[in-house]
Amino acid sequence: MAKKLVAVVKLQLPAGKATPAPPVGPALGQYGINIMGFVKEYNEKTSSQAGSIVPVEITIYSDRSFQVKLLTPPAADLLRKAAGAPKGSGTPNRTTAGQITRAQLRQIAQQKLPDMNALDVEGAEKIIAGTARSMGIKIVD
Amino acid sequence: MTWLELSVQVDNEAVESVSELLARYGYNGGVVAEPAWIPGDEGPEFSYDPNRPVTLRTYIPLDPQAEDVRQRLEQALWHFNQIRPLGPLQARHLEEEDWANAWKQHYSIMRVGQRTVIVPSWLEYSPTPDDVVIALDPGMAFGTGLHPTTQLCLRLLERYAQPGLRTLDLGTGSGILAIAAAKLGAGPVLAIDNDPVAAQVAAENVRINQIDHVVTAGTGSLGAGQHMGHWLSGDFGEEHSADASTPPTTPQFNLIAANLIAKVLVILANDLAAALVPGGILISSGIIDTKEADVVTAFEAAGLRQLERHVEGEWLALVHTR
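The structure contained in this document is the topic of the report that follows. Chains are numbered independently. Their residues run from 1 in the order of the written sequence. Working convention: letters from A go to chains and numbers from 1 go to ligands, in the order in which they are written. Per-residue local features of the predicted model are confined to residues with pLDDT of at least 70, and side-chain atom pairs are confined, for both listing and counting, to 80 or more; whole-chain, interface and lining totals are unaffected and use all residues. Side-chain metrics in this entry use all non-hydrogen atoms of the structure; hydrogen atoms and water are not considered.

1. What to know about empty space enclosed by the protein
Residue and element names in this part refer to chain B. With a 1 Å grid laid over protein atoms only, a set of points is called a cavity when a 1.4 Å probe fits there but cannot get out and a pocket when it is open yet has protein on both sides within 12 Å along at least five of seven lines; lining residues have an atom within 4 Å of a point. Grid points are joined across faces, edges and corners, and a volume is the space filled by probe spheres set on the points. Evaluated as defined, the whole model comprises 3 cavities of 30 Å³ or more. By volume, the second largest cavity amounts to about 60 Å³. Taken together, Phe-142, Gly-143, Thr-150, Gly-171, Thr-172, Gly-173, Ile-176, Leu-177 and Asn-259 make up the full set of residues lining the second largest cavity. Gly counts as polar in this scheme, as do all residues outside two lists: the nonpolar Ala, Val, Leu, Ile, Met, Phe, Trp, Tyr, Cys and Pro, and the charged Asp, Glu, Lys and Arg. The residue makeup of the lining of the second largest cavity, split by class, is 3 nonpolar, 6 polar and no charged.

Shown next as structure tokens:
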């Protein structure tokens, strides 16, 4: 009999530097999986990307075993880097944090496509343009 | 310790940008997303449901600044809400014990290898004569017996831990491997970890198993490892690796168990080799398959000869001798 899936949790963490403190502890402890087991596995898999945020998808099964899958960097991170902006705008409805070109948008969409709920790169572009807008990052031609 | 959990429900397309916002305020930049998913036909298969909202959470320590942080985040979300609708920001207090011990109710008696039985220290167990029972409360240390690397090491110890062998468990975590070695007859056993929390947990587990006379648990490392920080800190002390002030390691162990990570095994290759008596056995694990070559090369260069290689999922355990 195939084991049953009980939860899917995504975490955004600094590569190689996960600890059992929040958010890892509360996010995973409630499902009965061993927190240090996850921390060790995550840090080992991401140690070469230190300095970046590496999101991870954890699937948890009924026997308390779990699988760890690393995901592409957050779109927000890629947008910030492309725009050369240290952070998004805190008031995206009023102030802009930076700008990127359509070509940069397409590049980010292509990189993110495998992890997105988009059918094609155009769909991914639309979602990422939305993210850019809500961070106060303008898209220019 | 008390934490403040802040959560907000957002639609799928807002996940990335609101996560970015939460990461700015949350502890360690961490954000949790719980997306809605739909089970597939086969047990572990699933797909995401893009039409249902996603709950995002972040955590901040509940200190005098916490309320200020919450208000700033609420303001940032208000601005965001002008562009794209969001749920309200929810806050609740969370005690560390709530999650630190939550996994315990699912941790049960477990058989590993031929004879080893891991028994959570709060449960009763009637062993059969052949059982090697390890009573364990791993607390916040690594080594519950559930992780593939620990299981690989336990199986190998069943074969290699013989009476009279001077044994070192380097990076002992919960003490599980040191205790297994001692219960299988090896000894004296030295169980060390450079994480003081782990060293304390290990000492407590040694006491629960009533093998204080065989196992010494404490804080420490080997050779270049003495300059390393906690493995969670990412401080591998490389700038000291050629430091002549590191006392030379003398060959004194017949058996070494080192369930670490590949990078640390590479840095410690020479020290591990030097700590082993000729003909001694080194069991190393915590090696992820993509980094196997690094460890194999470093061990070879340190004069170690590979005897065995075991795989479970993406993880490996190796047996070397010198």
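Once the structure has been displayed, the description carries forward.
2. Remarks on the interface of chain B and chain A
Residue-level contacts link 55 residues of chain B with 63 residues of chain A. Note on definitions: buried area is the accessible-area loss of two parts on being combined, 1.4 Å probe, summed for both. At the boundary of chain B with chain A, total buried surface from both sides reaches about 5,200 Å², with 62% on carbon and sulfur atoms. In what follows, salt bridge is the name for a side-chain nitrogen of Lys or Arg lying within 4 Å of a carboxyl oxygen of Asp or Glu. At the boundary of chain B and chain A, one finds 4 salt bridges. One salt bridge in this structure joins Lys-112 of chain A and Glu-16 of chain B, with 3.1 Å as the shortest N-O distance. In the analysis that follows, any N or O atom pair within 3.5 Å is treated as a polar contact, provided that within protein one partner can donate a hydrogen and the other can accept it, and provided that, for residues neighboring in sequence, both atoms belong to side chains. Connecting chain B to chain A are 15 residue pairs in polar contact (both at pLDDT 80 or more). A run of H or I in DSSP counts as a helix once it spans at least four residues, and a run of E counts as a strand once it spans at least two, with each numbered from the N terminus. Elements with a minimum of two residues in the side of chain B that touches chain A: α1 (15-25), β2 (31-34), β4 (46-48), α2 (66-83) and β14 (276-288) of chain B. Broken down by element, the residue count for the side of chain B that touches chain A peaks at 6 residues, all from α2 of chain B. Both strand β1 (residues 5-14) of chain A and β2 of chain B contribute to a ladder of 3 bridges, which runs antiparallel. Looking at the pairing, Lys-10 of chain A lines up with Ala-33 of chain B of β2 of chain B. Should any heavy atoms of two residues lie within 4.5 Å, those residues are counted as being in contact. In this analysis, strands are considered paired if DSSP registers two or more bridges between them.

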